[in-house]
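Listed below, chain by chain, are the residues.
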Amino acid sequence: MNNIINDIRETARQLLADGKVDVVIGYEKGSLPLKATPCFVRSAQEVDRLIWDETCENNLASFVANTPGKKAIIAKGCDSRSLVVLIQENQLLRDDVYIIGVSCPGVVNKRKIEAEIGEILEATIAEGTISVKGMEGSKEYSFADVKDATCQTCRYPNPVIEDIHMGVTIEVSQSTPFADVIEMENKPDSERQAYFNQQMSKCIRCYACRNACPMCYCPECFVDCNSPKWLTGGVNRAENLMFQAGRVLHLAGRCVDCGACARACPQDVDIRAMNRKSAKDVLVMYHHEAGISETIKPALNEFSADDPEAFLVKE
Ligand code: SF4
Ligand code: SF4
Ligand code: SF4
């Protein structure tokens, strides 16, 4: 990791010193253990703030469209897929962003650790081992055991678009894609309904999931809209479900499965289950995965006069 950090800092220093970019969007050490925070480095003197490790969990693509000027961005595989979608959706000009791609071993899920040893007070990461002191005890974890669920199934850890590459390219395991979705699909309706009812009951509609998502960039979200008024603002299972179902539909063929929404959720709602089902359906029906290529048009942005329209026109 140290070599990667040095390379990132050196690249950032050069870009800023040469005036090629106005800002480098990256990660710095956060104020809480095991938590990096996004940072905006605007001068060569500041580049030593930049870090890279298993705590760099935010999807930085969320910040890129609203940051003025020419920018460089540190992009993991999933961040780079988000950048592709943003470029395809005309939210970002490719020439306005310099992509520092980093092969990503995955990010840590703090919640797994805190479930065992309480609030984390101190932590160090060295060579795949995370040593943690918590409110209720201390423990050493292998990174593989506390890797975020998203990263366990990630098939794009290497950036799909970049101007420079950092780190050694990671080999992707050939496990069945969407095995988790297939398992859920095979459960009886009643079991699935009970599961999602329970998940929706936990939601407090804080919208942290929406705010963490690079693909949720509408200036006015449907949940905040007064006319028509889709939701009352009350927190109950039915409206919570409507919010999440609306979000899943808006993200169909666009969600890059970065997991930022699920990690941001303070209630540990299984948001991924619905988004992954939608991603699988888009793959099966439209042979499309979000953000894996600049040249392939997004599934729902394409129309051909020969498309079957059985769902629109009944014969
Ligand atoms: S989903 Fe993939 S690219 Fe994104 S953080 Fe996890 S391992 Fe890295
Ligand atoms: S799913 Fe989680 S993050 Fe999203 S609104 Fe509900 S509680 Fe907040
Ligand atoms: S919905 Fe969640 S997993 Fe999908 S792109 Fe947005 S933050 Fe990432």
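All figures in this text were calculated on a predicted structure; none of them were measured in a lab.

J.: Teacher, can you tell me more about unusual backbone geometry here?
T.: Trans is the prevailing form of peptide bonds, just as negative phi is the prevailing case for residues other than glycine. In this chain, Ser227 is followed by Pro228 through a cis amide linkage whose omega measures 0°. Relative to the assigned elements, Pro228 resides in the loop between α8 (208-212) and α9 (237-250). Positive phi, close to 65°, is recorded for Tyr207, a residue that is not glycine. Mapped onto the fold, Tyr207 is located in the loop between α7 (189-202) and α8. Given 17 C-beta atoms within 10 Å, Tyr207 falls into the partly exposed group.

J.: What is the right way to read the site of ligand 1 from this model?
T.: The immediate surroundings of ligand 1 are formed by Lys76, Gly77, Cys78, Cys104, Gly106, Val107, Thr150, Cys151, Cys154, Pro157, Cys258 and Gly259. Contributions of two or more residues to the shell around ligand 1 are made by α3 (77-88) and α5 (149-152). Its residues placed into classes, the shell around ligand 1 shows 7 nonpolar, 4 polar and 1 charged.

J.: How should I be thinking about the site of ligand 3 in this particular structure?
T.: Lining the immediate environment of ligand 3, one finds 13 residues, of which Cys213, Cys255, Cys258, Ala260 and Cys261 sit closest. Counted by class, the shell around ligand 3 contains 9 nonpolar, 3 polar and 1 charged residues.

J.: Before we go on, may I ask you to explain the sheet that holds strand β1 (residues 23-29) in this structure?
T.: Pairing between the strands of a sheet is mediated by backbone hydrogen bonds and can be parallel or antiparallel. The 5 strands are arranged β2-β1-β3-β4-β8 in an open sheet whose pairing can be described as mixed. Unpaired on one side and paired on the other, β2 (36-41) and β8 (164-166) mark the two borders of the sheet. Each neighbouring strand pair of the sheet contributes to a mean axis angle of 30°, computed without reference to strand direction. In this structure, strand β4 (residues 97-102) lies alongside β8, joined through 3 bridges in parallel fashion. Directly across from Gly101, in β8, lies its bridge partner His165. Strand contacts of α3: β3 (71-75) and β4, with the helix running at about 150° to β4, the strand carrying the most contacts.

J.: Hey, could you run me through the packing of α7 against α9 in this one?
T.: Packed helices, taken two at a time, are described by their axes: the angle between them and the distance between them. Orientation of α7 relative to α9, taken along the N-to-C sense of each, is 95°, at an axis distance of 8 Å. As far as their axial angle goes, α9 and α7 are roughly perpendicular. Contacts between α7 and α9 involve Asn197, Met200 and Ser201 from the first element and Arg237, Asn240, Leu241 and Gln244 from the second.

J.: It is not clear to me how the domain arrangement of the protein should be interpreted in this structure. Could you clarify?
T.: When the parts come together, some accessible area is lost, and that loss is often what is quoted as the size of the interface. Looking at the protein, the domain boundaries give domain 1 (1-105 + 156-172), domain 2 (110-146) and domain 3 (176-315). Here domain 1 and domain 2 have C-alpha centroids that lie 26 Å from each other. Residue-level contacts link 5 residues of domain 1 with 7 residues of domain 2. For the side of domain 1 that touches domain 2, the per-class residue count stands at 2 nonpolar, no polar and 3 charged.

J.: Looking at this structure, how should I read the nonpolar core?
T.: One broad trend across soluble globular proteins is that nonpolar side chains are buried collectively. Ranked by internal contacts, the top residues of the largest apolar core, which has 67 residues, are Ala12, Val24, Val64, Ile73, Ile74, Leu83 and Ile100. If you tally residues by element for this core, the top one is α3, at 5 residues.

J.: Explain the sheet that holds strand β5 (residues 120-126) to me, please; I cannot follow it from the model alone.
T.: In space, the 3 strands of this open sheet follow the order β5-β6-β7, with antiparallel pairing throughout. Strands with a single pairing partner mark the edges of an open sheet, and in this sheet they are β5 and β7 (137-142). For this sheet the average axis-to-axis angle between neighbouring strands, irrespective of direction, equals 15°. Sheet topology places β5 next to strand β6 (residues 129-134); 6 bridges connect them, and they run antiparallel. Bridging from a neighbouring strand, Ile120 pairs with Gly134 of β6. With respect to the sheet, helix α4 (residues 110-117) is in contact with β5, β6 and β7, its orientation differing from that of β7 by roughly 145°.

J.: Please clarify how α3 should be interpreted in this entry.
T.: In an α-helix, one turn spans 3.6 residues, which is why side chains three or four residues apart end up on the same side. Between its first and last C-alpha, α3 extends 17 Å over 12 residues, near the 16 Å set by a 1.5 Å rise per residue. The buried fraction of α3 amounts to 10 of the 12 residues, a majority that puts the element mostly inside the structure. Those residues of α3 that sit buried are Gly77, Cys78, Asp79, Ser80, Arg81, Ser82, Leu83, Val84, Val85 and Leu86. In this fold, the buried residues of α3 make contact with α2 (61-64), β3 and β4. Looking at the residues trailing α3, positive phi occurs at Asn90, about 60°.

What counts as what
- Residues numbered from 1 in each chain as written.
- Chains lettered and ligands numbered in written order.
- Predicted model: local features only at pLDDT ≥ 70, side-chain atom pairs only at ≥ 80, totals over all residues.
- Helix = DSSP H or I, 4+ residues; strand = E, 2+ residues; numbered from the N terminus.
- Buried ≥ 20, exposed ≤ 12 C-beta atoms within 10 Å, placed from the backbone.
- Near = placed C-beta within 6 Å.
- Nonpolar A, V, L, I, M, F, W, Y, C, P; charged D, E, K, R; others polar.
- Pairing = 2+ DSSP bridges.
- Axes fitted to C-alpha atoms, helices over the stretch in contact; angles between N-to-C directions.
- Contact = placed C-beta atoms within 7 Å.
- Parallel < 35°, antiparallel > 145°, perpendicular 65-115°, else oblique.
- Domains from an automatic or database assignment.
- Core = buried A, V, L, I, M, F, W, Y, C linked by C-beta atoms within 7 Å.
- Expected span 1.5 Å × (residues − 1).

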